[in-house]
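Residue-level structure breakdown
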Amino acid sequence: MPSSNLPSSRSWMLLGALLAALWFPAVAAADPTEREERSRSDAEGGSLDGLFGDVGGWFGDDGEESELSRLEEGDDYGAIIADRPRSLRIFHGYATGITPRPELNGYVNGVLKRLVAELPVRNLPAQAYVMGSDSLSAAAAPCGAIAVDWGLLRALETEDELAFVLAHELAHVLFRHHTADWFVDAQHVSVSSGELAEEVVDKVEQTGGLSIDPSGKLSRAVKIGRVSYHLSKAVLLPAWTREQEDVADRFAIDLLVKAGYNHAAALTFFAKLDAWEKQMADPETGDPVALMLENAGHDPASWNDPDALFDSLLDNSGVLIDSLFGSEDHYPALERRDGVQEYVLELYKKARLPRNTPLPWAENGAGGQTAELHGLYRNAYLAFNKLREGETGSAEQFAGKSISKVTWSDGYPRLAFYQVRLAQNQPAKAQANIDFALEAPQPGVLLFTKRLQIAEDAGEWGEAARILDDARRRLDDPPALLPARIRIYPQVGRGHELTPTLLECRLAWSDQAEACEKEMEKSRL
């Protein structure tokens, strides 16, 4: 029954982003020395009997069956691959898109293959795609495609942790947790514009927006917006129920044990999750990755009116913050930890803990091309960080170190160098980095959008239309470009395409309808 006290469907979707993101914390890993000590102690073998011998009283019902045993032997999942093209259209619209590097994708899929080999089902078309994003998240589409942000790989401590993440996502696919609205909800999150967020931050700072608000209201609004944007950007999926998340958690433990991974790796997440949850609950300490949701602050006039901007921010983030940290529906990290510990102690108390498997880029890892590529991406990540700290010179150095023959056209490093050149007021060199990124087989929508903005700002509408057509062809017409089609095509004599494009917004990708309607209104002026 509808109720004014309940969050909107949009807020429920964003709440889902947090619930999933709680598995993939947005805090930096511990000090390397501390991490190494902890990993070494975890890897010494033994069982969880000793590790959790002092907790007591957390046992479930005797004879409880594992989640893995619920799968039917020989069940065929081959048909779900039919939705793979549609899922990839959404993945292309997220951050800088799918990373074109076989080294990273191959490694993650090797871990995924080891897990799938232990399943009793047939023809599961599971495949992982490493995304060019520094967010710490992963997401599974109904077709078995799993998006894994490079930022998550950066924060992991062991391959066992990666296996847990992948196994958790596999559970959502195998138990068919996705709703019929998944494609619409996922698209809504994937088009959250990091680009707009950075632009808003710059404008607020450049116009002195923070200093003209003696009450401090605008400053608070900015902080709340940063928290809510970060959460919206963190994951592609809608909300899971608590029961579904519990099932996925337990199933992941089962699969790690069967595949020979150290299932204690699941529990190494919880300290991070609890710390991150507390950090994100406080706008004063929330990670200032970006500013706001894509619908806030579009009106340039609001930059001189702190109250208007504050209201715009709260329209998009207030309900979310209340839902995340003031609602009984929020699923705290410590509760999830307790559930997993209870399950482990009931079914796997005596199970052997294998040694942790190091990641290729760890000090004791295998190294090779995967580690080299990871290092290049890490330089791009450091360049972004230095830019946020205002250290343009250091950012340029790290951005330069992120580009090699291997990463020449990779979107994530090129985006870092693009941002550096903009900060240095070198627009021609900034554009060159986007042009290099567009040489990749399938650059992300964000990169095409950057190039479209350059052409539009220069009044080069014919070039903008050419770029837009190229993006649609190479990315299988991603829905994130629907508003651009309405904005650009009338400028080059293709106004007859407006009506069918608007219908596509309304019927096929309804969550794009508002953005499309706004562009349509502008075209009529």
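Above: the structure in question.
Note that this is a predicted model, so its numbers are computed, not measured. Just so you know, the residues in each chain are numbered from 1, in the order the chain's sequence is written. Local features in a predicted model are, by the rule used here, given only for residues with pLDDT of at least 70; side-chain atom pairs are given and counted only at 80 or more, and totals for whole chains, interfaces and linings are based on all residues. With hydrogens and water stripped out, all remaining heavy atoms of the structure feed into the side-chain values.

Here we take up the overall build of the protein chain. Here a helix means four or more residues in a row that DSSP labels H or I, a strand means two or more in a row labelled E, and each is numbered from the N terminus. Helices and strands together make up the secondary structure of the protein chain, namely 23 helices and three strands. Out of the 525 residues in the protein chain, the part that is buried amounts to 56%. A separation of at least 24 residues holds for 76% of the contacts in the protein chain among residues at least 6 apart in sequence. Values of accessible area rely on a 1.4 Å probe in the Shrake-Rupley scheme; residue burial ignores everything except the protein chains shown. As displayed, the protein chain has an accessible area near 21900 Å², and 49% of this comes from carbon and sulfur atoms. Think of it in three bands: with a 1.4 Å probe and only protein chains considered, a residue is buried below 20% of the maximum accessible area for its type, exposed above 50%, and partly exposed in between. Whether two residues touch is decided by their heavy atoms; if any such pair falls within 4.5 Å, the residues are in contact.

Below, the discussion takes up the packing of helix α16 (residues 392-402) against helix α17 (residues 411-423). Axis angles are defined between N-to-C directions and span 0 to 180 degrees, where every axis is a line fitted to C-alpha atoms and, for a helix, only to the segment in contact. It is at 9 Å that the axes of α16 and α17 come closest, and there the two elements cross at 150°. Between α16 and α17, the crossing angle belongs to the class labelled roughly antiparallel. The way α16 lies across α17 gives a crossing that is left-handed. Note on element contacts: α17 touches α16 through Pro413, Phe417, Val420, Arg421 and Ala423, opposite Thr392, Ala395, Glu396, Ala399, Gly400 and Ser402. In terms of residue class, the contact of α16 with α17 is made up of six nonpolar, three polar and two charged. Comment on the angle field: the value is read as roughly parallel under 35 degrees, roughly antiparallel over 145, roughly perpendicular from 65 to 115, and oblique elsewhere. In this scheme the handedness of a crossing depends on how the near helix is turned from the far one: anticlockwise by less than a right angle means left-handed, clockwise means right-handed. Note on residue classes: Ala, Val, Leu, Ile, Met, Phe, Trp, Tyr, Cys and Pro are nonpolar, Asp, Glu, Lys and Arg are charged, and everything else, Gly too, is polar.

Where helix α18 (residues 427-437) meets helix α19 (residues 445-457), the closest approach of the two axes is 10 Å, and the angle between their N-to-C directions is 135°. In terms of orientation, α18 and α19 fall into the oblique class. Crossing hand, α18 versus α19: left-handed. Residues Gln431, Ile434, Asp435 and Ala437 of α18 form the contact with α19, whose participating residues are Leu447, Lys450, Arg451 and Ile454. Partitioned by chemical class, the residues of the contact of α18 with α19 number four nonpolar, one polar and three charged.

Next up on the list: unusual backbone geometry. Unlike most non-glycine residues, alanine 95 shows phi in positive territory, near 50°. Considering the arrangement of structural elements, one finds alanine 95 in the loop between α4 (84-92) and α5 (102-116). Phi is positive for arginine 176, close to 50°, though the residue is something other than glycine. Mapped onto the elements, arginine 176 comes out in the loop between α7 (159-174) and α8 (182-190). You can call arginine 176 exposed: its relative accessible area is 53%.

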